[in-house]
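# Geometric and topological summary
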Amino acid sequence: MDSTYGSLFTSGTESGNKQRKAVINRKTNETDISMTLNLDGSGKANITTGIGFFDHMLDSFTRHGLFDMDCNVKGDLYVDTHHSIEDTGIVLGKAIKEAVGDKKSIKRYGSMMLPMDETLVLCALDLSGRPYLVFDGDFSTDRVGYFDTEMVKEFFYAVSYSAEMNLHLKVISGSNNHHIIEAMFKAFAKALDEATIIDPRITDLMSTKGSL
(Lines give C-alpha, C1' and ligand atoms only; values in the text may rest on other atoms or scores of the structure.)
Protein backbone atom coordinates (compact mmCIF):
# COMPACT_ATOMS: atom_id res chain seq x y z
CA MET A 1 0.00 0.00 0.00
CA ASP A 2 2.73 2.46 0.95
CA SER A 3 5.56 2.04 -1.53
CA THR A 4 6.93 5.57 -1.22
CA TYR A 5 10.47 6.61 -0.39
CA GLY A 6 11.92 8.95 2.18
CA SER A 7 8.62 9.41 4.01
CA LEU A 8 8.12 11.87 6.84
CA PHE A 9 5.07 11.22 9.00
CA THR A 10 4.09 13.25 12.04
CA SER A 11 0.85 13.46 13.97
CA GLY A 12 -0.73 15.09 16.96
CA THR A 13 -4.00 14.69 18.80
CA GLU A 14 -6.10 17.13 20.79
CA SER A 15 -8.54 15.36 23.10
CA GLY A 16 -10.94 16.28 25.85
CA ASN A 17 -14.60 16.59 26.62
CA LYS A 18 -15.38 18.98 23.78
CA GLN A 19 -13.52 17.83 20.69
CA ARG A 20 -11.73 14.80 19.33
CA LYS A 21 -9.29 16.25 16.86
CA ALA A 22 -6.22 14.99 15.00
CA VAL A 23 -3.56 16.83 13.02
CA ILE A 24 -1.61 14.72 10.53
CA ASN A 25 1.29 15.70 8.28
CA ARG A 26 2.78 13.20 5.87
CA LYS A 27 5.45 13.93 3.27
CA THR A 28 7.04 11.56 0.76
CA ASN A 29 8.75 11.91 -2.60
CA GLU A 30 5.30 11.54 -4.19
CA THR A 31 2.94 13.53 -1.97
CA ASP A 32 2.90 16.20 0.72
CA ILE A 33 -0.32 16.04 2.75
CA SER A 34 -1.54 17.98 5.76
CA MET A 35 -4.88 17.22 7.39
CA THR A 36 -6.84 18.32 10.42
CA LEU A 37 -9.88 16.22 11.35
CA ASN A 38 -12.40 17.02 14.06
CA LEU A 39 -14.87 14.20 14.73
CA ASP A 40 -17.04 16.53 16.81
CA GLY A 41 -17.53 19.16 14.15
CA SER A 42 -20.42 20.55 12.15
CA GLY A 43 -19.55 19.61 8.56
CA LYS A 44 -17.08 22.34 7.65
CA ALA A 45 -14.51 21.52 4.97
CA ASN A 46 -11.51 23.23 3.43
CA ILE A 47 -10.12 20.77 0.90
CA THR A 48 -7.62 21.09 -1.94
CA THR A 49 -6.25 17.95 -3.59
CA GLY A 50 -5.83 19.10 -7.18
CA ILE A 51 -8.50 16.60 -8.27
CA GLY A 52 -11.87 18.31 -8.50
CA PHE A 53 -14.10 15.25 -8.12
CA PHE A 54 -12.01 14.00 -5.20
CA ASP A 55 -12.44 17.38 -3.49
CA HIS A 56 -16.19 16.99 -3.98
CA MET A 57 -16.17 13.49 -2.44
CA LEU A 58 -14.14 14.55 0.60
CA ASP A 59 -16.41 17.56 1.06
CA SER A 60 -19.42 15.22 0.97
CA PHE A 61 -17.74 12.93 3.52
CA THR A 62 -17.10 15.86 5.85
CA ARG A 63 -20.53 17.42 5.52
CA HIS A 64 -22.58 14.24 5.87
CA GLY A 65 -20.49 12.90 8.75
CA LEU A 66 -20.73 16.25 10.54
CA PHE A 67 -16.95 16.30 10.81
CA ASP A 68 -14.68 19.31 10.28
CA MET A 69 -11.72 18.75 7.97
CA ASP A 70 -8.92 20.80 6.48
CA CYS A 71 -6.99 18.88 3.86
CA ASN A 72 -4.23 20.10 1.57
CA VAL A 73 -2.65 17.65 -0.88
CA LYS A 74 0.30 18.32 -3.16
CA GLY A 75 0.92 15.28 -5.29
CA ASP A 76 2.64 14.09 -8.47
CA LEU A 77 -0.46 14.51 -10.65
CA TYR A 78 1.80 14.67 -13.71
CA VAL A 79 2.17 10.90 -13.18
CA ASP A 80 -1.50 10.14 -12.44
CA THR A 81 -3.96 10.46 -9.54
CA HIS A 82 -2.95 7.22 -7.81
CA HIS A 83 -0.48 8.50 -5.22
CA SER A 84 -2.55 11.54 -4.26
CA ILE A 85 -5.74 9.55 -3.69
CA GLU A 86 -4.16 6.56 -1.96
CA ASP A 87 -1.95 8.67 0.30
CA THR A 88 -4.90 10.86 1.27
CA GLY A 89 -6.64 7.64 2.32
CA ILE A 90 -3.63 6.72 4.44
CA VAL A 91 -3.67 10.12 6.12
CA LEU A 92 -7.44 10.10 6.67
CA GLY A 93 -7.22 6.66 8.25
CA LYS A 94 -4.43 7.84 10.57
CA ALA A 95 -6.47 10.93 11.47
CA ILE A 96 -9.51 8.82 12.33
CA LYS A 97 -7.44 6.51 14.51
CA GLU A 98 -5.78 9.43 16.31
CA ALA A 99 -9.01 11.37 16.82
CA VAL A 100 -10.95 8.39 18.19
CA GLY A 101 -8.26 7.98 20.83
CA ASP A 102 -8.70 5.20 23.39
CA LYS A 103 -12.21 4.37 22.04
CA LYS A 104 -13.73 4.53 25.50
CA SER A 105 -17.53 4.83 25.44
CA ILE A 106 -17.85 4.91 21.63
CA LYS A 107 -20.47 2.74 19.92
CA ARG A 108 -17.72 1.07 17.84
CA TYR A 109 -20.08 -0.15 15.10
CA GLY A 110 -21.79 1.92 12.44
CA SER A 111 -23.84 1.20 9.34
CA MET A 112 -25.82 3.06 6.69
CA MET A 113 -27.88 2.06 3.69
CA LEU A 114 -27.83 5.22 1.63
CA PRO A 115 -29.95 6.02 -1.45
CA MET A 116 -28.93 8.48 -4.14
CA ASP A 117 -31.37 8.59 -7.05
CA GLU A 118 -31.12 5.16 -8.75
CA THR A 119 -28.22 4.12 -6.52
CA LEU A 120 -28.33 2.28 -3.20
CA VAL A 121 -25.13 1.64 -1.23
CA LEU A 122 -24.56 -0.22 2.03
CA CYS A 123 -21.66 0.65 4.33
CA ALA A 124 -20.92 -1.11 7.62
CA LEU A 125 -17.84 -0.68 9.76
CA ASP A 126 -16.29 -1.77 13.03
CA LEU A 127 -13.56 0.23 14.80
CA SER A 128 -12.15 -3.08 15.97
CA GLY A 129 -8.42 -2.44 15.66
CA ARG A 130 -8.36 -5.19 13.03
CA PRO A 131 -8.09 -3.82 9.48
CA TYR A 132 -10.09 -5.46 6.71
CA LEU A 133 -11.86 -4.21 3.60
CA VAL A 134 -14.66 -5.93 1.72
CA PHE A 135 -15.50 -3.95 -1.41
CA ASP A 136 -18.34 -5.04 -3.66
CA GLY A 137 -18.84 -2.56 -6.49
CA ASP A 138 -18.03 -2.10 -10.16
CA PHE A 139 -17.84 0.92 -12.44
CA SER A 140 -18.72 1.24 -16.10
CA THR A 141 -16.27 4.05 -16.86
CA ASP A 142 -12.58 4.56 -16.15
CA ARG A 143 -12.96 8.13 -14.91
CA VAL A 144 -15.35 10.60 -13.37
CA GLY A 145 -13.88 13.99 -14.16
CA TYR A 146 -10.15 13.55 -13.52
CA PHE A 147 -10.77 10.92 -10.84
CA ASP A 148 -9.83 7.34 -11.76
CA THR A 149 -12.69 5.07 -10.68
CA GLU A 150 -10.31 2.19 -9.90
CA MET A 151 -8.97 4.39 -7.09
CA VAL A 152 -12.21 4.22 -5.10
CA LYS A 153 -11.31 0.77 -3.77
CA GLU A 154 -7.67 1.79 -3.23
CA PHE A 155 -8.78 4.84 -1.22
CA PHE A 156 -11.05 2.88 1.10
CA TYR A 157 -8.43 0.13 1.43
CA ALA A 158 -5.92 2.74 2.60
CA VAL A 159 -8.43 4.26 5.03
CA SER A 160 -9.43 0.90 6.50
CA TYR A 161 -5.88 -0.27 7.11
CA SER A 162 -4.55 3.02 8.48
CA ALA A 163 -7.58 3.45 10.76
CA GLU A 164 -7.46 -0.25 11.70
CA MET A 165 -11.15 -0.70 10.96
CA ASN A 166 -13.22 -3.46 9.44
CA LEU A 167 -15.00 -1.80 6.49
CA HIS A 168 -17.64 -3.25 4.17
CA LEU A 169 -18.95 -1.37 1.13
CA LYS A 170 -21.54 -2.90 -1.15
CA VAL A 171 -23.34 -1.41 -4.15
CA ILE A 172 -26.87 -2.84 -4.04
CA SER A 173 -28.07 -1.00 -7.14
CA GLY A 174 -26.92 1.83 -9.37
CA SER A 175 -25.88 2.74 -12.89
CA ASN A 176 -24.48 6.29 -12.70
CA ASN A 177 -20.83 6.20 -11.67
CA HIS A 178 -20.93 9.65 -10.09
CA HIS A 179 -23.90 8.62 -7.94
CA ILE A 180 -22.33 5.29 -6.93
CA ILE A 181 -19.05 6.84 -5.77
CA GLU A 182 -20.74 9.73 -3.99
CA ALA A 183 -23.15 7.37 -2.23
CA MET A 184 -20.15 5.36 -1.03
CA PHE A 185 -18.47 8.41 0.49
CA LYS A 186 -21.70 9.61 2.10
CA ALA A 187 -22.59 6.17 3.47
CA PHE A 188 -19.07 5.83 4.89
CA ALA A 189 -19.43 9.23 6.55
CA LYS A 190 -22.76 8.36 8.16
CA ALA A 191 -21.52 4.96 9.35
CA LEU A 192 -18.35 6.47 10.81
CA ASP A 193 -20.35 9.17 12.57
CA GLU A 194 -22.49 6.49 14.19
CA ALA A 195 -19.51 4.35 15.20
CA THR A 196 -17.69 7.26 16.87
CA ILE A 197 -20.68 8.53 18.86
CA ILE A 198 -20.02 8.52 22.60
CA ASP A 199 -22.77 6.61 24.41
CA PRO A 200 -23.00 7.39 28.16
CA ARG A 201 -24.30 3.85 28.77
CA ILE A 202 -20.92 2.48 27.67
CA THR A 203 -18.60 3.08 30.61
CA ASP A 204 -15.50 1.41 29.18
CA LEU A 205 -14.80 -0.28 25.84
CA MET A 206 -17.43 -2.00 23.73
CA SER A 207 -15.55 -5.30 23.84
CA THR A 208 -15.59 -8.44 25.98
CA LYS A 209 -11.81 -8.56 25.55
CA GLY A 210 -11.31 -5.26 27.37
CA SER A 211 -9.31 -3.79 24.49
CA LEU A 212 -9.76 -2.63 20.91
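See above for the structure.
Residues numbered from 1 in each chain as written. Predicted model: local features only at pLDDT ≥ 70, side-chain atom pairs only at ≥ 80, totals over all residues. Heavy atoms only, no water.

On to the packing of helix α3 (residues 151–163) against helix α4 (residues 177–196), then. In the contact formed by α3 and α4, the axes pass within 11 Å of each other and the chain directions differ by 15°. In terms of their interaxial angle, α3 and α4 are classed as roughly parallel. Once α3 is placed against α4, the crossing between them reads as right-handed. Contacts between α3 and α4 pair Val 152, Phe 155, Phe 156 and Val 159 from the former with Ile 181, Met 184, Phe 185 and Phe 188 from the latter. Of the residues in the contact of α3 with α4, the class split is eight nonpolar, no polar and no charged. (Axes fitted to C-alpha atoms, helices over the stretch in contact; angles between N-to-C directions. Helix = DSSP H or I, 4+ residues; strand = E, 2+ residues; numbered from the N terminus. Parallel < 35°, antiparallel > 145°, perpendicular 65-115°, else oblique. Left-handed = near helix turned anticlockwise from the far one by under 90°. Contact = heavy atoms within 4.5 Å. Nonpolar A, V, L, I, M, F, W, Y, C, P; charged D, E, K, R; others polar.)

Once that is clear, we can look at α4. With 20 residues, α4 extends 29 Å between its outermost C-alpha atoms, agreeing within 8% with the 28 Å of an ideal straight helix rising 1.5 Å per residue. Counting buried residues in α4 gives 16 out of 20 residues, a clear majority hidden from the surface. A distance of 3.0 Å separates the backbone nitrogen of His 178 from a side-chain oxygen at the start of α4, and that oxygen is part of Asn 176. (Expected span 1.5 Å × (residues − 1). Buried < 20%, exposed > 50% of the residue type's maximum accessible area, 1.4 Å probe, protein only. Polar contact = N/O pair within 3.5 Å; in protein donor to acceptor, adjacent residues only side chain to side chain.)

A few words on the pairing of strand β4 (residues 45–48). Consecutive residues of a regular strand have side chains that alternate between opposite faces of the sheet. Note that β4 and strand β5 (residues 68–75) share four bridges and pair parallel. Looking at β5, one finds that Ile 47 is bridged to Cys 71. Crossover connection from β4 via helix α1 (residues 52–65) to parallel β5: handedness left-handed. (Pairing = 2+ DSSP bridges. Right-handed = clockwise from strand over helix to strand, strands pointing away.)

It is worth spelling out the pattern of salt bridges at this point. Throughout the structure, instances matching the rule amount to nine salt bridges. Residues Asp 126 and Arg 108 are paired through a salt bridge, measuring 2.6 Å at the closest nitrogen-oxygen approach. Remark: Arg 108 occurs in the loop between α2 (82–100) and β6 (109–116) and Asp 126 occurs in strand β7 (residues 119–126); sequence separation between them is 18 residues. You can call Asp 126 buried: its relative accessible area is 8%. Measuring nitrogen to oxygen at the nearest pair gives 2.6 Å for the salt bridge that ties Asp 136 to Lys 170. (Salt bridge = Lys/Arg side-chain N within 4 Å of Asp/Glu carboxyl O.)

Geometric descriptors of this kind do not, in isolation, establish any biological role.
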